[in-house]
Amino acid sequence: MKSMFKALAFTAIAAVAPLASATVAHAEGEKYILVSHAPDSDSWWNTIKNGIALAGEQMGVEVEYRNPPTGDLGDMARIIDQAAASSPNGIITTLADYDVLSGPIRAAVDQGINVIIINSGSAEQAADVGALMFVGQPEYDAGLAAGQRAKRDGVESFVCVNHVISNAAVAERCRGFADGLGIDLGDSMIDVGQDPAEIKNRVMAYLSANPDVDAVITLGPTSADPTILALEENGMAGQIYFGTFDLGTEIVKAIKSGVIQWGIDQQPFLQAYLPVVILTNYDRYGVLPGNNINSGPGFVTKDGLEMVEKFAGEYR
């Protein structure tokens, strides 16, 4: 996927205090609703909430974050319908499952609501449902880059710990990683669910049954945090190659201590912040970027942690 931005750099970012709520209301002005597929338990999305709140404050518009509490995609489809029924100026939404969500998104577009797809899905799917653009990380490309890096580091086999098996787009990370290594994915991706204790137990069981595995790959804090605990308990922390997608407080600590070699940052702050800015300017002035925007991937290692550590879980 081509992007008009190969890199996004901000030369100056004013320090701001955490916003108390993901909803910032203004007496008058445009309204934008962000709908995600994330359950309430997934803290990674706090950065998304902070991004949309800050954009709303800076642009002088009303913003709202909605999600299905348990992560049920059927509920998410209904939330998109409800959001469209409230006639906002724009909807920003993930596209975690094309079959389930494309209908409600198309209906919103047909109603005359501007839509931007973020995080999950692809540029092609965004165009197909009539969205203005896609802002996010091409998941397969991110996995491929990670696999190629791991191959250069000598990795030949791995287990991919997938805590969101229902999200086909996220599974592309595992497939890309396998292709980057030059091996078949096969049974190297395991479904661990969302429960931290279960994730920990399944990782330990897999590594016990497959002692020759070179690397562990996790797909975000939900799976990374229990995996860190699993490796500490079985004595493999710092001994097995460990990479993860996304960032979080415990991930940053593990990178700093050498337990995790790298984290792939898709910059969720930008996925929420930029669409509000883009939609507002499109509504006000009719201007729109000519291409989709890749918010990632970028590798975060021990050498570049200062800014990430400062804002981990808040803006990074």
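Just so we're clear, the structure is a prediction, and the values are computed from it rather than from any experiment.

How each quantity is defined
- Residues numbered from 1 in each chain as written.
- Predicted model: local features only at pLDDT ≥ 70, side-chain atom pairs only at ≥ 80, totals over all residues.
- Heavy atoms only, no water.
- Helix = DSSP H or I, 4+ residues; strand = E, 2+ residues; numbered from the N terminus.
- Buried < 20%, exposed > 50% of the residue type's maximum accessible area, 1.4 Å probe, protein only.
- Polar contact = N/O pair within 3.5 Å; in protein donor to acceptor, adjacent residues only side chain to side chain.
- Salt bridge = Lys/Arg side-chain N within 4 Å of Asp/Glu carboxyl O.
- Phe/Tyr/Trp six-rings, centres within 6.5 Å; stacked < 30°, edge-to-face > 60°.
- Lys NZ or Arg CZ within 6 Å of the ring centre and 35° of its normal.
- Pairing = 2+ DSSP bridges.
- Disulfide = S-S within 2.5 Å.

Draft legend 1. Layout of the side chain of Q271. Assignment of secondary structure puts Q271 in helix α10 (residues 268–285). With relative accessibility at 0%, the residue Q271 sits in the buried group. Only 3.1 Å separates the side chain of Q271 from the side chain of S295, close enough to count as a polar contact.

Draft legend 2. Structural context of the pattern of salt bridges. Counted under the stated rule, the structure contains 15 salt bridges. R66 is paired through a salt bridge with E64; the nearest N and O atoms lie 2.9 Å apart. Note that R202 and E198 form a salt bridge whose closest N and O atoms lie 2.7 Å from each other. Here R202 and its partner E198 are both found in helix α7 (residues 196–209), four residues apart, which amounts to about one turn of the helix. A residue is classified by how much of its surface remains accessible, and R202, at 35% relative accessible area, is partly exposed. A network of salt bridges, in which partner residues are shared, links K31, E62, E64 and R66.

Draft legend 3. Expanded view of the packing of aromatic side chains. Summed over all chains, the structure comprises seven aromatic pairs. Consider the rings of Y241 and W262, whose centres lie 6.4 Å apart with planes at 70°: the pair is edge-to-face. Here the residue Y241 occupies a position in strand β9 (residues 241–245), and W262 occupies one in strand β10 (residues 262–265), the gap between them amounting to 21 residues. Ring geometry for F269 against Y273: centres 5.2 Å apart, planes inclined by 20°, an arrangement best described as stacked. With a gap of four residues between them, F269 and Y273 both fall in helix α10, about one helical turn apart. By the burial criterion, F269 is buried, and Y273 matches it. Joined through ring pairs, the aromatic side chains of F269, Y273, F311 and Y315 make up one cluster. Stacked on the ring of F299, the Lys or Arg R149 has its end atom at 4.6 Å from the ring centre.

Draft legend 4. Layout of the sheet that holds strand β3 (residues 90–93). If you walk across this open sheet you meet the six strands as β2-β1-β3-β4-β5-β11, and the pairing is parallel. Of all strands in the sheet, those with a lone pairing partner are β2 (62–66) and β11 (293–294), marking the two edges. Strand direction decides the pairing type here: β3 and strand β4 (residues 114–118), joined by four bridges, are parallel. By the bridge assignment, I91 is partnered in β4 with V115.

Draft legend 5. Summary view of the state of the cysteines. In total, this model carries one disulfide according to the counting rule given. Here C160 is linked by a disulfide to C174, with a sulfur-sulfur distance of 2.1 Å. Its S-S torsion of about -55° marks the bond between C160 and C174 as left-handed, since a negative value means left-handed. Linking C160 in strand β6 (residues 158–162) with C174 in helix α6 (residues 168–181), this pair joins segments that are 14 residues apart in sequence.

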